[in-house]
Amino acid sequence: MADILEVEVGNAKAVSSPKTAEERFGQLPMPSLEYTEEVARETAPLYELVRHHIPEIEWPVHAPYVYAINKLKKQRNAVILAHNYQTPEIYHCVADIKGDSLQLAAEAGIVDEEIIIQCGVHFMAETSKLLNPEKTVLIPDSKAGCSLAESITGADIRLLREAHPGVPIITYVNTSAEVKAESDICCTSSNAVHVVESMGTDTVFLIPDEYLAQNIAKQTKVKILTWKGHCEVHERFTPEELLAYKAADPGLQIIGHPECPPEVVDVCDYSGSTAGMIEYARGQKPGARVMLVTECSMAANIEAEVKGVEFIKPCNLCPHMKRITLPKILDSLVYMREEVLVDPVLAKRAKRAVERMVNLKSN
Ligand code: SF4
C-alpha cells in the first residue's frame, strides 16, 4: 500500500495526505479481558514458559491480554516481531519472530503478513518499514526511543563526510532512517568486524556507538574513527562490579555485550551480540553459571530455552524497550496504531545501506 498518494490537480501534481492505518483497516471491538476458564486453559502452556518470572497470582492479569492478542493477530493478518530485550510475557507468549536487530531486520523483509507489530524501539520499526515498505508497520508506543539513535543526526554525518572525504561511513543499525540514508552501509554488533573489513579501506567511521567502535577496533587492523554516542543501559556496567562477582564465584562465566565500555568487555569471558550471547550460553555444560552483562530481560527470556544453566543477572533495564507492554500491543491491534511511516525518498536511500549489510551477511 503506498504511503503518499499523488493526484492530478489541473496541470499540477498535488500530494494528498494518506489515509491512516485506522482508516484503511478500521477499528475492531475491544475484546473482553476477563480471566475465564477458556482463557486459563488456552494460555496454560504459555504460562509454563514464564512461570519462573511471573508469579501464579499475577498470571490472571496477563493471560486475558495474551489470549486476546493471539486471536486478534490472526484476525488482522499481523505478525509480532519482538527483540530479545522485551519482557518474558511478550517474548514467550505473543511474539512470532524473536531475535536481535539483525535477525529482526532480515525477517521483517520477508514476512508475508500484511501488518508488522514491532515490539522493540522506534528505529527497529523504521528498519522493518524500509525493508518491507508495502507492509503496514505499527509500534505499540512510538516514544520507545534509544539513546544511541538519538545521539546523531543526518546533518552530523554530512559534516563528517565533508571533513573526511573518502572515508566510508558505517552506521550501527541503532540509528534513525535519516542517519541510515546518509551512510554507506549499516552494521550490527554481530557483523561489525565483517562490515568494517568489507569496505576495503584502511580507515572507516563506525558510528555512533563509541564503545562498540573501540571494542571492534581490537579485532581488526582497520583504523576506526567514531562518535560519542553510548547505550544508556550498557554504559552503566563497571569492571569493578564484574570482578566482584568473579571473586565471589570463580567458576562464573561472564558474557557481555560489545556496547559496554572496553574495560568491561576486557573482564568478560565472551563478548558478542545478543544472538551470539545466546549461542554461547547454549554451549555451556549443565550446571554452569553464566552472568549476562546486558539488558535485564534477556536472561529471563533465554532461561526458558537454555536448560541446565543458571543465569546471574546484574539488572539494568532499558526504559525504552519497557515502554512496550501487552495492553499497548492489544491497542495496536484493535485501533491500528501507532503507524510508522518513512518519507519514500529517504527510505530508498536508507534501505540501500541496510540491504547492503543484509546481503553482505549471506556472501
Ligand atoms: S538497550 Fe541501549 S541500544 Fe538498545 S534500545 Fe535501549 S538504549 Fe538503545
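The structure this text deals with has already been given above.
Residues numbered from 1 in each chain as written. Predicted model: local features only at pLDDT ≥ 70, side-chain atom pairs only at ≥ 80, totals over all residues.

S.K.: Could you give me a rundown of the site of the ligand, with the residues and numbers involved?
M.R.: Taken together, 13 residues surround the ligand, and among them Val 121, Cys 146, Cys 231, Val 233 and Cys 318 come closest. Considered class by class, the residues forming the shell around the ligand number 8 nonpolar, 3 polar and 2 charged. (Near = placed C-beta within 6 Å. Nonpolar A, V, L, I, M, F, W, Y, C, P; charged D, E, K, R; others polar.)

S.K.: Any chance you could break down the nonpolar core for me, citing the residues and the numbers?
M.R.: With 103 residues, the main nonpolar core has Leu 206 and Val 293 as its most contacted residues. A per-element tally of this core places helix 3 (residues 59–76) first, with 6 residues. Look past the residues within four positions of Val 293 in its chain and what remains in contact with it is Phe 237, Leu 242, Ile 254, Ile 255, Gly 256, His 257, Cys 260, Val 264, Cys 268 and Pro 314. (Core = buried A, V, L, I, M, F, W, Y, C linked by C-beta atoms within 7 Å. Buried ≥ 20, exposed ≤ 12 C-beta atoms within 10 Å, placed from the backbone. Helix = DSSP H or I, 4+ residues; strand = E, 2+ residues; numbered from the N terminus. Contact = placed C-beta atoms within 7 Å.)

S.K.: So what's going on with unusual backbone geometry? Residues and values would help.
M.R.: The linkage connecting Ile 207 with the following residue, Pro 208, adopts the cis geometry, with an omega of 5°. Arg 337 connects to Glu 338 through a cis peptide bond whose omega is 5°. Here Asn 77, not a glycine, exhibits a phi torsion of approximately 55°, which is positive. Looking at where Asn 77 falls in the secondary structure, it is placed in the loop between helix 3 and strand 3 (78–83). We classify Asn 77 as exposed; it has 11 C-beta atoms within 10 Å. One non-glycine residue with positive phi stands out, namely Met 336, at about 60°. Note on placement: Met 336 falls in the loop between helix 15 (326–335) and helix 16 (344–362). The exposure class of Met 336 is buried, given the 22 C-beta atoms found within 10 Å.

S.K.: Kindly report on the pairing of strand 13 (residues 289–293), identifying the contributing residues and their values.
M.R.: Buried residues dominate strand 13, accounting for 4 of its 5 residues. As judged from the 4 bridges shared by strand 11 (residues 253–256) and strand 13, these two strands associate in the parallel manner. Bridged to Gln 253 within strand 13 is Val 290. As judged from the 3 bridges shared by strand 13 and strand 14 (residues 310–312), these two strands associate in the parallel manner. What sits directly across from Met 291, in strand 14, is Ile 312. Crossover strand 13 to strand 14 through helix 14 (residues 296–303) is right-handed. (Pairing = 2+ DSSP bridges. Right-handed = clockwise from strand over helix to strand, strands pointing away.)

S.K.: Please give an account of the sheet that holds strand 10 (residues 223–225) that cites residues and values.
M.R.: Ordered by their spatial adjacency, 4 strands build an open sheet running 8-7-9-10, and the pairing between neighbours is parallel. The open sheet has two edge strands with one neighbour each: strand 8 (185–187) and strand 10. Within this sheet the neighbouring strands show an average axis-to-axis angle of 35°, counted without direction. Pairing of strand 9 (residues 203–207) with strand 10 involves 3 bridges; the strand directions are parallel. The residue bridging Val 204 from the neighbouring strand is Ile 224, located in strand 10. Sheet contacts for helix 10 (residues 210–217): strand 7 (169–172), strand 9 and strand 10; angle to strand 10, the most-contacted strand, approximately 175°. (Axes fitted to C-alpha atoms, helices over the stretch in contact; angles between N-to-C directions.)

S.K.: Talk me through the sheet that holds strand 6 (residues 136–138); I want residue IDs and the actual numbers.
M.R.: Strands sit in the order 4-3-5-6 across an open sheet of 4 strands; the sheet is parallel. One side of each edge strand has no neighbouring strand; the edge strands of this open sheet are strand 4 (97–99) and strand 6. Within the sheet, the average angular offset between the axes of one strand and its neighbour, ignoring direction, is 20°. Pairing of strand 5 (residues 115–119) with strand 6, which is carried by 3 bridges, proceeds in the parallel orientation. Looking across to strand 6, one finds that Ile 115 is bridged to Thr 136. The sheet contacts of helix 6 (residues 122–131) involve strand 3, strand 5 and strand 6, and relative to strand 5 the element is tilted by about 155°.

S.K.: Account for the packing of helix 3 against helix 15, with residues named and values stated.
M.R.: Where helix 3 contacts helix 15, the axes come no closer than 9 Å and their chain directions differ by 25°. As far as their axial angle goes, helix 15 and helix 3 are roughly parallel. When you trace helix 3 past helix 15, the crossing you get is left-handed. Note on element contacts: helix 15 touches helix 3 through Leu 326, Pro 327, Ile 329, Leu 330, Leu 333 and Val 334, opposite His 62, Tyr 65, Val 66, Ala 68, Ile 69, Leu 72, Lys 73 and Arg 76. Taken together, the residues that form the contact of helix 3 with helix 15 break down as 11 nonpolar, 1 polar and 2 charged. (Parallel < 35°, antiparallel > 145°, perpendicular 65-115°, else oblique. Left-handed = near helix turned anticlockwise from the far one by under 90°.)

The values reported here are purely geometric and, on their own, carry no functional implication.
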